[in-house]
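Summary of the model geometry
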Amino acid sequence: MKTYPFLRIVIRLYWLALIILIGLMAYPIKDILWSTENANIVNIANVSTSEGPPIAPELIAEIKLGKTLFKANCGTCHNRNMKSNMTGPALAGVKERWSDYPITDLYSWIRNSAALIKSGHPKAIEVYNEYNKASMTSFNSLTDEDAAAILTYVESVK
Ligand code: HEC
């Protein structure tokens with residue numbers, strides 16, 4: 001087939017322009033196209049991926065569960081940024097603040113703070129008095145694993 005040199009150049013330029021155009025259109029969604037599944041999940045969980053060792057899949061799953069439970073049960077009173085007080089205190093560093101007691105005490109608090117206060121737990125009473133005796137809802141259906149997941153999520157928020 002006889003081709004005209006000029007036409008061939010035009011066709012090449014046409015393809016070049018098309019490829020550049022597709023590239024430009026794809027640019028805004030490049031993160032979606034290129035990110036691995038885990039990287040997406042980590043983004044959802046607000047965990048920084050830029051530093052430190054890679055995060056284990058089980059930990060990512062726990063953080064995701066914690067985030068879901070937090071949003072459903074705790075977010076109305078505890079700030080999602082974990083740093084500012086709302087109705088309830090900021091939760092960042094709460095494990096550290098309760099570290100004089102077994103972690104299960106903190107789970108008990110989360111499940112039913114009123115019961116723990118009533119049992120005479122010193123830390124529970126201290127927190128209760130500190131926040132003007134406002135009451136936290138009880139969440140009797142939360143398991144220790146659920147509470148642990150919420151706390152892991154709380155700590156993952158930077
Ligand atoms: C109705 C509002 C409310 C909801 C909902 C709520 N909290 Fe609270 N939370 C409080 C208040 C108020 C305090 C302060 C202590 C008190 O007065 O009982 C508190 C205290 C706490 C503390 C102790 C903080 C510290 O610094 O020692 C933890 C931990 C906690 N909440 C976790 C949770 C979790 C987890 C959930 C969801 C499962 C939740 N809270 C849901 C209001 C709430």
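Refer to the preceding data block for the structure.
Residues numbered from 1 in each chain as written. Predicted model: local features only at pLDDT ≥ 70, side-chain atom pairs only at ≥ 80, totals over all residues. Heavy atoms only, no water.

With respect to the coordination of the iron atom of the ligand
Note on the iron atom of the ligand: its protein donors are H78 (NE2) and M136 (SD). The metal-donor distances range over 1.9 to 2.2 Å. Each of the 6 donor atoms around the iron atom of the ligand contributes to a set of angles spanning 83 to 179°, which defines the coordination as octahedral. Remark: M136 occurs in the loop between helix 8 (122–130) and helix 9 (144–156) and H78 occurs in the loop between helix 4 (57–74) and helix 5 (94–97); sequence separation between them is 58 residues. Since its relative accessible area comes to 27%, M136 is described here as partly exposed. (Donors = N, O, S within 2.8 Å, 3.2 Å for Na, K, Ca; no water. Tetrahedral: all angles 85-135°; square planar, octahedral: opposite > 155°, others 65-115°. Helix = DSSP H or I, 4+ residues; strand = E, 2+ residues; numbered from the N terminus. Buried < 20%, exposed > 50% of the residue type's maximum accessible area, 1.4 Å probe, protein only.)

Focus: the nonpolar core
Most often, soluble globular proteins keep nonpolar side chains buried together rather than apart. Grouped together as the largest cluster of nonpolar side chains are 25 residues, with contacts concentrated most on F70, M82, W98, W109 and I150. Broken down by secondary-structure element, the contributors of at least two residues to this core are helix 4, helix 6 (103–111), helix 7 (113–118), helix 8 and helix 9. The greatest single-element share of this core, amounting to 6 residues, is contributed by helix 9. Not counting chain neighbours up to four residues away, the residues in contact with W98 comprise D105, L106, W109, L116, H121, K123, A124 and V127. (Core = buried A, V, L, I, M, F, W, Y, C linked by side-chain atoms within 4.5 Å. Contact = heavy atoms within 4.5 Å.)

Observations regarding the layout of surface pockets
A volume near 640 Å³ is recorded for the largest pocket. Along the wall of the largest pocket there are 31 residues; nearest its centre are H78, P89, W109, V127 and M136. Listing elements by their share of the lining of the largest pocket, those giving two or more residues are helix 4, helix 5, helix 6, helix 7, helix 8 and helix 9. For the lining of the largest pocket, the element with the highest residue contribution is helix 8, accounting for 5 residues. (1 Å grid on protein atoms, 1.4 Å probe; cavity = no way out; pocket = protein on both sides within 12 Å on 5 of 7 lines; lining within 4 Å. Points joined across faces, edges and corners; volume = space filled by probe spheres on them.)

Considerations on helix 9
With 13 residues, helix 9 should cover 18 Å at 1.5 Å per step; its first-to-last C-alpha distance of 18 Å lies within 8% of that length. For helix 9, a buried count of 10 out of 13 residues is recorded, marking the element as mostly surrounded by other parts of the structure. Where helix 9 is buried, its residues meet helix 4, helix 5 and helix 6. (Expected span 1.5 Å × (residues − 1).)

As for the packing of helix 6 against helix 9
Packed helix pairs are specified by the crossing angle of their axes together with the interaxial distance, meaning the distance between the axes. Two numbers describe how helix 6 lies on helix 9: the axes approach to 9 Å, and their chain directions differ by 95°. When the axes of helix 6 and helix 9 are compared, the pair comes out roughly perpendicular. Contacts between helix 6 and helix 9 involve I103, T104, L106, Y107, I110 and R111 on the former and, on the latter, D144, A147, A148 and L151. Residues that form the contact of helix 6 with helix 9 fall into these classes: 7 nonpolar, 1 polar and 2 charged. (Axes fitted to C-alpha atoms, helices over the stretch in contact; angles between N-to-C directions. Parallel < 35°, antiparallel > 145°, perpendicular 65-115°, else oblique. Nonpolar A, V, L, I, M, F, W, Y, C, P; charged D, E, K, R; others polar.)

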